[in-house]
Amino acid sequence: MEQIKAAADQIFDEIVAIRRDIHRHPEIGRTEVRTSGIIRDKLKEYGVDKIESPCPTAVVGLIQGRKGPGRCIALRSDIDALPVQEETGLPFASETPGIMHACGHDMHASMLLGAAKLLCGMRDQFSGTVKLIFQHSEDTLPGGAKELVEKGVLENPHVDAIIGMHLYPDESRVGKVLFRNGPLTTSVDLYDVTVKGKGGHGSAPHTTHDPILAACQMVTLLEQIPARYIDPLETVIFPVCSIHSGDAPNIIPDEAKFSGIARSYVDSVREAVDKQVFQIARGVETLSGCKIDINHYEGYPACYNDPALTDVARSAVREALGEENIVELDKPLSFSEDFSYYTKMTGTPGAYMMLCGGHEGELVSLHNPRCILKEEAMPYGIAVLASTAVTYLRG
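As the structure is a prediction and not an experimental result, all values here were calculated from the model. (Residues numbered from 1 in each chain as written. Predicted model: local features only at pLDDT ≥ 70, side-chain atom pairs only at ≥ 80, totals over all residues. Heavy atoms only, no water.)

Peer 1: Would you mind showing me how to read helix H8 (residues 267-288) here?
Peer 2: Three- or four-residue spacings in an α-helix give side chains the same orientation, since the helix completes a turn every 3.6 residues. The terminal C-alpha atoms of H8 lie 32 Å apart, and with 22 residues this matches the ideal 32 Å at 1.5 Å per residue to within 8%. For H8, every residue scored as buried is listed here: Val269, Arg270, Val273, Gln276, Val277, Ile280, Ala281, Val284, Glu285 and Ser288. Packing partners of the buried residues in H8 comprise strand S8 (189-196), helix H6 (211-223), helix H7 (225-228), strand S10 (236-237), strand S13 (255-264) and strand S14 (291-298). After H8 finishes, the residue Gly289 shows a positive phi value of roughly 80°. (Helix = DSSP H or I, 4+ residues; strand = E, 2+ residues; numbered from the N terminus. Expected span 1.5 Å × (residues − 1). Buried < 20%, exposed > 50% of the residue type's maximum accessible area, 1.4 Å probe, protein only. Contact = heavy atoms within 4.5 Å.)

Below is the structure:
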């Protein structure tokens, strides 16, 4: 297993070339036609046993071990880009205006291809099956994972465990793997709210039903949900991030709109927040005389790492990369990931890891037009995926 990293280093130039090609030609979720074509071509070249497309732009490959039948582990990568205008100045920057791989999915897809190449050459070392899932549309709700699960991607053969990994911008660390048992990412729920009132002249507010006042009252009450309706030992993030109404300083409008996003780690908390949002709306309707419509977009569940499977991944990384490359997270992360659907919808044990990808230039977050992760992180990611699969199937 300690030789997996050396094997990953040997294919570095090839994987970099694939990454730069995908980066140069980014595609938004559910339009990843060129990207999925590259993936299929490479999987054929590497000699995977079977290639399927359960959705038009998703690709699934199977690698059968030669030591006989056994369990099946899935390795998942996302492949879609973002509606971001790239500002990196890279020689292989996006050639598609307004679209960029600003979340590392070009590197994710390339690393999983690298792992596929290594695993095809390691068939004699494991029994069972590795299922490679190149998932479309992670960054566009409702997420490609949900669609793939509904189409049976975790069956035929049945998947016993699933592994995912995401690159993580870091000031200096490259190749460190971040682990955490239990909750890792938040759920996400979007609320678009329309307050319909009765407009009029600002000199006679008593003749109106002011939607701006009602919207502001509701926003204030929504911001009190974490403080007054949820156990203070639980986490709720609920910012209202946009509000729009009116055109003139002396006219009360007929309508106001605002939107916010709620995140939490526990299903019961998520349900309590949703209940309070609608109760607050009904109360503000009564007080204001306005009508409040809420569009609730139920987004990704919280991502939960199965402790036993996460321990398998730790053991694999320890053997392939050394103890010094294992980092334990002392608290979960506050973003969301649709990897959670694979485990939430089916009960399949899952483990999701973060791989430190360093950063070129001033450190910025993912989804930033100047986000440049270091390509030197990719051999580490290839080694993590391949070694975890083999360790699980041997065990």
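Peer 1: Mind showing me how you'd approach empty space enclosed by the protein here?
Peer 2: The gaps of empty space that remain are located by a probe, the size of a water molecule, rolled over the atoms. Taken as a whole and judged by the stated rule, the model has two cavities of 30 Å³ or more. A volume near 60 Å³ is recorded for the largest cavity. Every residue along the wall of the largest cavity is listed here: Arg19, His23, Leu90, His101, Ala102, Cys103, Gly104, Asp106, Met107, Cys371, Ile372 and Leu373. For the lining of the largest cavity, the elements supplying multiple residues, two or more each, are helix H2 (12-24) and helix H4 (105-120). When its residues are assigned to classes, the lining of the largest cavity shows seven nonpolar, three polar and two charged. Here the second largest cavity is characterised by a volume of approximately 30 Å³. Lining the second largest cavity are Arg76, Ser77, His108, Met111, Met165 and Leu385. Only strand S3 (72-78) and H4 provide two or more residues apiece to the lining of the second largest cavity. Here the residues of the lining of the second largest cavity are counted per class, giving three nonpolar, two polar and one charged. (1 Å grid on protein atoms, 1.4 Å probe; cavity = no way out; pocket = protein on both sides within 12 Å on 5 of 7 lines; lining within 4 Å. Points joined across faces, edges and corners; volume = space filled by probe spheres on them. Nonpolar A, V, L, I, M, F, W, Y, C, P; charged D, E, K, R; others polar.)

Peer 1: For this particular structure, what's the right way to read the packing of helix H9 (residues 307-321) against helix H11 (residues 378-394)?
Peer 2: Packed helix pairs are characterised by how far apart their axes lie and by the angle those axes make with each other. Between H9 and H11, the least distance of the axes is 8 Å, while the angle of their chain directions is 120°. Viewed along their axes, H9 and H11 adopt a mutual orientation that is oblique. With respect to the hand of their crossing, H9 and H11 are arranged in right-handed fashion. Taken together, the residues of H11 that come into contact with H9 (itself represented by Leu309, Val312, Ala313, Ala316, Val317, Ala320 and Leu321) are Tyr380, Ala383, Val384, Ser387, Thr388, Thr391 and Tyr392. (Axes fitted to C-alpha atoms, helices over the stretch in contact; angles between N-to-C directions. Parallel < 35°, antiparallel > 145°, perpendicular 65-115°, else oblique. Left-handed = near helix turned anticlockwise from the far one by under 90°.)

Peer 1: Where do I start with the layout of surface pockets in this structure?
Peer 2: Considering only enclosed or pocket space, the largest pocket measures out at about 480 Å³ in volume. Taken together, 20 residues line the largest pocket, and the ones lying closest to its centre are Cys103, Asp139, Phe335, Ser336 and His367. Of all the secondary structure elements, the ones that give two or more residues to the lining of the largest pocket are strand S5 (161-168) and S13.

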